[in-house]
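Each chain, letter by letter, is given below.
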Amino acid sequence: DDVPQAVNANRLLWTVPRIPEPKDATSYYQTTNNADGMADAYASCTLRLRYNISTSDFPAWPADAMDDDHPWKYAMVTAANNSNGNEDNPNTPLYQDPYVYLGAGDDADKDDMFVSLAVNTNQYARTFQDRTYTFSIRRRPTTTADADDQADTPAIPAELVAALDPANTDGARVYNVNVRGKRGNIVQTYPSVEYDFTPNSLALNPNDVVHFQWTGSDYNPRRGCNDAEGGPPDPNDFVSEANANQNSRADRSNVVFMNAMAENVPMDMAGYAQATASAEFAARTQLSQSAILEHTPCTTCEDINDPTCDTEEAQACVDLIRRLAFLNQQSDGGALELRQGNDCLTEEELDNIDNKATRENHPLNCAKLNAKPFPYFDAGAIVAKRSGMFAFFSSRNNNFSNRDQTGILCVREAANDDTCPLDSNNVLQDQNPAIATAALGQGADESASRCIDEASDSSIANAQGASSCIASADAEDDILTEETQTNENKDNDALGDGNIDPCDIIFWSITNNDDTNRIISYLTLAIVLLFVGIIVTYLSYYSYNRYKAHQEEKQKFKEGADWKNKKETEMM
């Protein structure tokens, strides 16, 4: 019940072992040659996953098969004992596509009945999908530590050390939340899956710990439209839009808390309206702190200035929530060095990039998490302090109706009580505020969503965008009264390395000069080629007729070759 299976793909929940103490005091890991001790032995672990299949068509390996008096001694099927036919090696039990007889025919004049089996002997006892991964197991921290921006490591606050203390009688557990899947839609990722958190639902006791960390790849196949959003581009120079107008490969994820799982937008983390923000930095920071503290699991404090509030715990919680959402892109020392100290692009700078693919893949587009140079990220650990439901999602990858990268943390009021129940489908689900008729998240000072025609605008072409916005629906109180439509994907392939061309090479209209000039060029070329074809056809026809007439004249001349011997009157 703590990690419900629900409707997840097959998965294995693994309890990571703790680092033991060496049994032998003279062990290498106890000597001065290795000051890190056993921690060094667990710094490079290997996990090998193999999908094995076997058959019951011949005996497996019983425990006593190697006894000297066993009849199968040295007679088991191995790689050295698996010939193509029994005449080559009588020990092999299998033939390729063998015939198996079913008995006598229908009458004495008919041959015995037999069938042919579809047996490929190299498919028996075979290993598929061999994958090997390396990882590290570290000791639970016993001392606090500040965040290190240069190394991009999270802080270890006092409440985390206390929760992980072995002397803690509460028996706190540590859950490791990762990201599974790869870049692409459900067709493109097969036989893998789309992005998702794993586990994506947790029922926690007070003081349980959730460690968020994930990795990915920068070299997924280029799958074109609808595979995902964001860069960075490949190759990546970390500073410019070079290669940004190409289908990207990279995996990136983040964790942004929401008001409810049914929503697809973040909770209010700012505490003020961005469009009218005029307060000083300190005031905006305080408003943001208060907004975050209202609905997060890592503290019970709601006002960081409250005298009864644990200020250190509250600030650590705020810092962690912000790190989860923005991946420390503004202060990551390694990333800043690679991008030569350049800041993230502002909203205005992004809007000034007309091409949609270039804008979304630009290496300084921190809104798409592109300034994070590597796919691995250690976000840090949350200690469950406040009871309740806390939904989260990835702002980059979660795509309503197409890709669901959401999760839910439920913190019980007391250990193992019934305040985090599963529904009849074994799903840990929070309440849908729309169904519950609760107030929705949009504030009165926020603008309403408008229909933006992306597919028909060549500067921001998007095969998944709306291509028919209704002109009358431009006032805040207008309601769509007609049907809208979208365009199909440019491609949906699942082969090879994909297509380097981005979606914006598709142009849908001739409403701007670039499109007009391009279409005029194509039409001009087509007309020129048409006239060239007509002229070539006419000349070919004319030349053929001239040749044919000349041949006929020559034939007449040959037939009258004795004209010199005829008299003049005869010729007349």
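Each remark here, short or long, concerns the structure printed above.
A brief report on the enclosed structure follows. (Residues numbered from 1 in each chain as written. Predicted model: local features only at pLDDT ≥ 70, side-chain atom pairs only at ≥ 80, totals over all residues. Heavy atoms only, no water.)

Section: the overall build of the protein
In terms of regular secondary structure, the protein is built from 9 helices and 12 strands. The 572 residues of the protein split such that 35% are buried. For the protein, long-range pairs separated by at least 24 residues make up 63% of all intrachain contacts whose partners lie at least 6 apart in sequence. Per element, the accessible surface of the protein, about 35400 Å² overall, is 51% carbon and sulfur. (Helix = DSSP H or I, 4+ residues; strand = E, 2+ residues; numbered from the N terminus. Buried < 20%, exposed > 50% of the residue type's maximum accessible area, 1.4 Å probe, protein only. Contact = heavy atoms within 4.5 Å. Areas by Shrake-Rupley, 256 points an atom, 1.4 Å probe, with all protein chains shown as cover.)

Here we look at helix α3 (residues 281-293)
Between its first and last C-alpha, α3 extends 18 Å over 13 residues, near the 18 Å set by a 1.5 Å rise per residue. Within the span of α3, buried status applies to S288, Q289, A291, I292 and L293. Where α3 is buried, its residues touch α4 (311-326). (Expected span 1.5 Å × (residues − 1).)

As for the nonpolar core
F212, W214, F257, I321 and L324 are the most contacted members of the largest nonpolar core, which totals 48 residues. Broken down by element, this core gets its largest block of residues, 7 residues, from α4. What L324 contacts, discounting residues up to four positions off in sequence, is F212, W214, N254, V255, F257, A379 and I382. Counting residues in each nonpolar core, the second largest holds 6 residues, with L164, V209, A381 and V383 among its members. (Core = buried A, V, L, I, M, F, W, Y, C linked by side-chain atoms within 4.5 Å.)

Notes on the sheet that holds strand β12 (residues 406-411)
The strand order β7-β12-β11-β9 describes an open sheet built from 4 strands, whose pairing is mixed. In this open sheet, the two strands that pair with only one neighbour each are β7 (201-204) and β9 (256-258). The mean inter-strand angle of the sheet, taken between neighbouring strand axes irrespective of direction, is 25°. Pairing geometry for strand β11 (residues 388-393) and β12, over 6 bridges, is antiparallel. Note that in β12 the partner of M389 across the bridge is C410. (Pairing = 2+ DSSP bridges. Axes fitted to C-alpha atoms, helices over the stretch in contact; angles between N-to-C directions.)

Looking at the pairing of strand β10 (residues 377-383)
Taken across its 7 residues, β10 has 7 buried, putting it largely inside the fold. Note: strand β8 (residues 209-214) against β10, 6 bridges, orientation antiparallel. Paired with Q213 across the strands is D378, a residue of β10.

Notes on a negative patch on the surface
Residues D268, E294, E302, D303 and D306 make up a contiguous surface patch of negative charge. Looking at the secondary structure, you find E294 in the loop between α3 and α4. (Patch = residues over 30% accessible without salt bridge, like charges linked within 9 Å, V, L, I, M, F, W, Y side chains within 5 Å. Salt bridge = Lys/Arg side-chain N within 4 Å of Asp/Glu carboxyl O. Lys, Arg positive; Asp, Glu negative; His and termini not counted. Charge placed at Lys NZ, Arg CZ, Asp CG, Glu CD.)

Some points on α4
For α4, which comprises 16 residues, the first-to-last C-alpha distance of 22 Å matches the rise-based estimate of 22 Å (1.5 Å per residue) to within 8%. E313, A314, C317, V318, L320, I321, R323, L324 and A325 are the residues of α4 that are buried. Residues of α4 that are buried make contact with α2 (158-164), β8, β9, α3 and β10. L327 sits one or two positions beyond α4 and adopts a positive phi of about 60°.

Examining the sheet that holds β10
Judged by pairing direction, the sheet is mixed, and its 4 strands sit side by side in the order β6-β5-β8-β10 without closing on themselves. In the strand order of this sheet, the two ends are held by β6 (196-198) and β10, each with one partner. Mean inter-strand twist for the sheet, computed between neighbouring axes without regard to direction, equals 20°. Sheet analysis places strand β5 (residues 174-180) next to β6, joined by 3 bridges and oriented antiparallel.

A closer look at the pattern of salt bridges
Side chains that differ in sign of charge can pair as their charged atoms come close. Summed over the entire model, instances satisfying the criterion amount to 13 salt bridges. One salt bridge in this structure joins K372 and D152, with 2.7 Å as the shortest N-O distance. On the criterion of sequence distance, the pair formed by K372 in the loop between α7 (356-361) and β10 and D152 in the loop between β4 (126-135) and α2 is long-range, its members being 220 residues apart. Residue K372 shares its accessibility class with D152, and that shared class is buried. The shortest N-O distance in the salt bridge between R252 and D218 comes to 2.8 Å. Residue R252 is found in the loop between β8 and β9, and its partner D218 is found in the loop between β8 and β9; the two are separated by 34 residues along the sequence. For the residue pair R252 and D218, the accessibility class agrees, reading buried in each case. Here the salt bridges do not stand alone but share partners, grouping D152, R323, D332 and K372 into one network.

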